[in-house]
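One letter stands for each residue in the lines below.
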Amino acid sequence: MQRGENFIHAMRTVKQTDILTGSIPRQLLVFFLPIWFGTLFQQLYNTADTLIVGNFVGTNALAAVGATGAFVNLLVGLFVGLCSGAGVVVAQSYGARDLEAVDRQVHTSLVFGVVIGAVLTVAGLLTTGPVLRLMGTPAEITADAALYLRIYFLGMIPQILYNMGTNILRAAGDSKRPLYFLIVASLVNIVLDTVFIAVFGWGVAGAAIATVISQVASAVLTLRCLAGSQGMPWHLSADKLTLHGPTLVAVCAIGIPAAAQSALYNVSNMVIQSSMNSFGTDVIAAWGVYGKIDFIFWMTINSLGIAITTFAGQNFGAQQYDRVRRGTRVCLAMAAGVTAAISVVFFFAAEFLFRIFSQDAAVIEAGVQMMHVLVPVYITYVCIEILSGTLRGCGDVRIPTLITVFGVCGLRIVWLLAVVPVWHTVAMVELSYPITWALASLLFLVYYQKGGWLQRCIAAHKTAQTV
């Protein structure tokens, strides 16, 4: 009785998105939009770097920043995957009104975040040089790329604390305050980029320093929010900051497969970056710029994936299993519609979008060709993101991870190593995306419909509650 009363008090004290009741499309949309805008402002970190570096420093510096993207995404993807484990367990406990568990999970996750951030900082600093050489980064941009990465990795701890904190807040239904924090941090980054690069002339080092300072700002704001959240089902205090064994195991059971999946995605992207490096500086620069434009699609589909993960987690914890399935169907329809709209706009506005970032004719030509190959096939990725989000929210990560590892990452690497050397063109490198997306989407659809995953998740959840 006391647990239920505490939950009701928390819900009355803080106005949040109640994703356990009401219209499913409306609740998903209300939850999705702050995540989407937050991801947009987060992307402004590197987009501001690209815009200002491209216009004030030159093509080599632009290529240097672009060449770091795959390696940065590899390490960032690792901790984002681990943080997602915290989000799932908090969402399930929050939906089940187990506030004592939520409190333990919040404190354990923050300590875990510091540990992960420290490990990634050291790993990034030690491997920057060898990884750039392994990827075949051209000699004329290697020094700038290495400098950018080494400064960037100094911001790992604040970056992971921000991501851990936002996963916790979103799991409890609060997707608005993470957006506010990112708006502030992004504005800080843009101002500092302008000062450090355009005024002081610090080049790629200035871009990296501005990004790190912005990451610190977002982490401070998020931690302050967690510590001072009135009515939330936790009370952040130093004496409870410890690694609670069973909680850590539950977080890692979801987070480690998600991190491994993300890592393998990004390893395959590093192989793609290495393939692009073989076509010269203009193509490298174009691929880097394409990544900034392409991110509009990825942040949209990923935001929908986060929304359905939290939706499924809370409703699964509340034993509203039919609502989980109905929410998945609605989210798939939303994702398909917005993907089609983005694809049309990108296809016809390709040249205009590239001219925002660069005035180099060769870079623009290569970039437009890239977009005309990839943009029409975005739709083949939709099922992967939404169905894996639902499965992850309910605690099923093993089979989805295997589908992604072998159906996307493994096949993509085989394509890049076996096919591209024979037909050595940029288009053949790009075709590794739709081929692997289509196969993985088919496998996810079959597993979601026929895999018996929900019954296994229910049984596993009941067993965990009795331990």
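The structure we're discussing is the one just above.
Heads up: these notes are all about the structure in this document.

### With respect to the packing of aromatic side chains
Okay, step 1: Following the criterion strictly, the structure yields 17 aromatic pairs and no others.
Okay, step 2: Ring plane angle 20° and centroid distance 6.2 Å describe the contact between Tyr148 and Tyr152, whose orientation is recorded as stacked. Here Tyr148 pairs with Tyr152, and both are found in helix H6 (residues 139-152), just four residues apart, close to one helical turn. Both residues of the pair, Tyr148 and Tyr152, count as buried.
Okay, step 3: Ring plane angle 75° and centroid distance 4.7 Å describe the contact between Trp298 and Tyr381, whose orientation is recorded as edge-to-face.

### What about the pattern of salt bridges?
Okay, step 1: Tallied over the full model, the rule gives four salt bridges.
Okay, step 2: Among the ionic pairs, Lys240 bridges to Asp103, the shortest N-O distance being 3.0 Å. Taken together, the residues span a long stretch of sequence, with Lys240 in the loop between helix H9 (203-228) and helix H10 (245-277) and Asp103 in helix H5 (residues 99-134) at a distance of 137 residues.
Okay, step 3: Overall, Asp103 belongs to the buried group, its relative accessible area being 14%.
Okay, step 4: Among the ionic pairs, Arg326 bridges to Asp322, the shortest N-O distance being 2.9 Å. Taken together, the residues Arg326 and Asp322, both in helix H12 (residues 321-348) and four residues apart, mark about one turn of the helix.

### With respect to the packing of helix H4 (residues 69-95) against H10
Okay, step 1: One can describe the packing of H4 onto H10 by two numbers: an axis separation of 7 Å at closest approach and a directional angle of 160°. Taken together, the axis directions place H4 and H10 in an arrangement best described as roughly antiparallel. You can see that H4 and H10 cross each other, and the crossing is right-handed.
Okay, step 2: Across the contact of H4 with H10, the residue classes break down as 17 nonpolar, 10 polar and no charged.

### Considering empty space enclosed by the protein
Empty space left among the atoms is revealed by rolling a probe the size of a water molecule over them.
Okay, step 1: A full pass over the atoms with the stated rule returns four cavities of 30 Å³ or more.
Okay, step 2: Lining the second largest cavity we find Ile254, Pro257, Ala258, Gln261, Ser388, Arg392, Asp396, Val397, Pro400 and Thr401.
Okay, step 3: Looking at which element gives the most residues to the lining of the second largest cavity, the answer is H10, with four residues.
Okay, step 4: Of the residues that constitute the lining of the second largest cavity, the class distribution is five nonpolar, three polar and two charged.

### A few points about the environment of Ile293
Okay, step 1: Looking at the element boundaries, Ile293 is found in helix H11 (residues 281-317).
Okay, step 2: According to the relative accessible area criterion, Ile293 is buried, its value standing at 5%.
Okay, step 3: Here the alpha-carbon distance between Ile293 and Arg104, two residues 189 residues apart in the chain, equals 40 Å.
Okay, step 4: Those residues within four positions of Ile293 in sequence are excluded, and the remaining contacts are Phe346, Leu353, Phe354, Phe357 and Met371.

### Re the environment of Gly77
Okay, step 1: You can see Gly77 is positioned in helix H4.
Okay, step 2: Under the relative-accessibility criterion, Gly77 is labelled buried at 9%.
Okay, step 3: Considering only alpha carbons, one finds Gly77 and Ile24, 53 residues apart in sequence, at a separation of 29 Å.
Okay, step 4: Every residue in contact with Gly77, bar those within four places of it in the chain, is listed here: Ala259, Ser262 and Asn266.

Here is what the cut-offs are and how they apply
Residues numbered from 1 in each chain as written. Predicted model: local features only at pLDDT ≥ 70, side-chain atom pairs only at ≥ 80, totals over all residues. Heavy atoms only, no water. Phe/Tyr/Trp six-rings, centres within 6.5 Å; stacked < 30°, edge-to-face > 60°. Helix = DSSP H or I, 4+ residues; strand = E, 2+ residues; numbered from the N terminus. Buried < 20%, exposed > 50% of the residue type's maximum accessible area, 1.4 Å probe, protein only. Salt bridge = Lys/Arg side-chain N within 4 Å of Asp/Glu carboxyl O. Axes fitted to C-alpha atoms, helices over the stretch in contact; angles between N-to-C directions. Parallel < 35°, antiparallel > 145°, perpendicular 65-115°, else oblique. Left-handed = near helix turned anticlockwise from the far one by under 90°. Nonpolar A, V, L, I, M, F, W, Y, C, P; charged D, E, K, R; others polar. 1 Å grid on protein atoms, 1.4 Å probe; cavity = no way out; pocket = protein on both sides within 12 Å on 5 of 7 lines; lining within 4 Å. Points joined across faces, edges and corners; volume = space filled by probe spheres on them. Contact = heavy atoms within 4.5 Å.

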